[in-house]
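# Structural overview
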Amino acid sequence: MPLHNGSIKVREFIIGGFETTKRPLVVGVVILITYVLAILANIVNIVFIIYDRRLHKPMYLLICNLAVVDILYTSSACPTMIGVLLAGVNTISYVPCIIQMFVFHLGGVMETLALAVMAFDRLIAIGYPFQYHSYLTNVRTLVLTYFLWIVACGFVAVMPATVLPLPHCSSKLKYSYCDYAAIIRTTCVDPNYYFNMITIIAFFLSFFTFILICLSYFWIIVFVKLSSKNDKRKMGSTCLSHFIVVTCYYCPVFIRTVLTRFVVLTFETRIGLMIGSILGPPLVNPFVYCLRTKEITYKIFKIFRKVEASQ
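Presented here is an overview of the structure given in this document. Computed from a predicted model, the values in this text were never measured in an experiment.

Considering all chains together, one arrives at two disulfides under this definition. Paired by a disulfide, Cys97 and Cys178 hold their sulfur atoms 2.0 Å apart. The sign of the -115° torsion about the S-S bond sets the Cys97-Cys178 disulfide as left-handed. With Cys97 in helix H3 (residues 94–127) and Cys178 in the loop between strand S3 (172–173) and helix H7 (180–184), this residue pair connects regions lying 81 residues apart in the sequence. A disulfide bridge connects Cys169 with Cys188, and the sulfur atoms are separated by 1.9 Å. Between Cys169 and Cys188, the S-S torsion sits near 115°, and that sign places the bridge as right-handed. With a gap of 19 residues between them, Cys169 in the loop between helix H6 (158–163) and S3 and Cys188 in the loop between H7 and helix H8 (191–225) connect regions that are remote in the sequence. Residue classification places Cys169 among the partly exposed positions, given a relative accessible area of 38%. Look at Cys188 and you get buried, because its relative accessible area is 16%. When the cysteines engaged in disulfides are numbered in sequence order, the chain pairs them as 1-3, 2-4.

Take a look at the structure:
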């Protein structure tokens, strides 16, 4: 692509998303505390699942994968935002910014794929309980998980592939971290074509995964209606954790999409919604599965009892 007359050589980007924030220290501390809690909670889940052989089952492997995705997703943007708000470091080099963009969107894509596979897992567990362990073995679950990561990387690779050849006319990012929209807006080209291309990909992924989740829950409801009262309670308890996690992820996404399209939002409100959608699910997910999963809850209480006994 030929260089534009006004193009510049960008060695680092200026992050301008928090320039109008009234209390940056307060916002930074809140983000830092939430981020640390989310990381610690997800690490605890991963450690419990890895070191307890009784939890080496398909459902827990998928929970472990979701925890890894949550750590990746929130860690892709939060350190940059914390650095801007608390340390005043409002610049990021070009290559790390491109890497951050890739990792951030990879986490978002993997979040939707992971939730869709977990819904399918619950459908098999409830619809075919006796064949469940023969259909979904640990090996098949791991292979499926690796396949999803490869697919997600393939979709997200489109973003750096389109951004890297473009000339830049500005080095200032509109938002609070490196994402595709912010970087495209610094280029010298008309961004509409590039936005539309990514919107089509994002719509395809979101629509496919959301429909898969909805269909899974539709058939789960059908199976529940045909079951006895005791089985209904067990099935409801089995699916409640996943339903909460799905709601916590998709609600902020839909709210942000609808409000952005049909309501005139202030810049600060948009930034707040984006931060909430990044921090919310990674913080909620591990606590939901810790409290709603008997094996993990029992493991936590057992550790606390040992600590109390030692004192």
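As for its placement among the helices and strands, Asn65 is situated in helix H2 (residues 58–87). Filtering out sequence-adjacent residues up to four positions away, Asn65 remains in contact with Met110, Ala114, Thr145 and Trp149.

Let us now look at the pattern of salt bridges. Throughout the structure, instances matching the rule amount to two salt bridges. A salt bridge links Arg54 to Asp52; the shortest N-O distance between them is 3.2 Å. A relative accessible area of 52% places Arg54 in the exposed class. A salt bridge links Asp121 to Arg122, with the shortest nitrogen-to-oxygen separation between them at 2.8 Å. Note on Asp121: relative accessible area 2%, which makes it buried.

The rules behind these values
Residues numbered from 1 in each chain as written. Predicted model: local features only at pLDDT ≥ 70, side-chain atom pairs only at ≥ 80, totals over all residues. Heavy atoms only, no water. Disulfide = S-S within 2.5 Å. Helix = DSSP H or I, 4+ residues; strand = E, 2+ residues; numbered from the N terminus. Buried < 20%, exposed > 50% of the residue type's maximum accessible area, 1.4 Å probe, protein only. Contact = heavy atoms within 4.5 Å. Salt bridge = Lys/Arg side-chain N within 4 Å of Asp/Glu carboxyl O.

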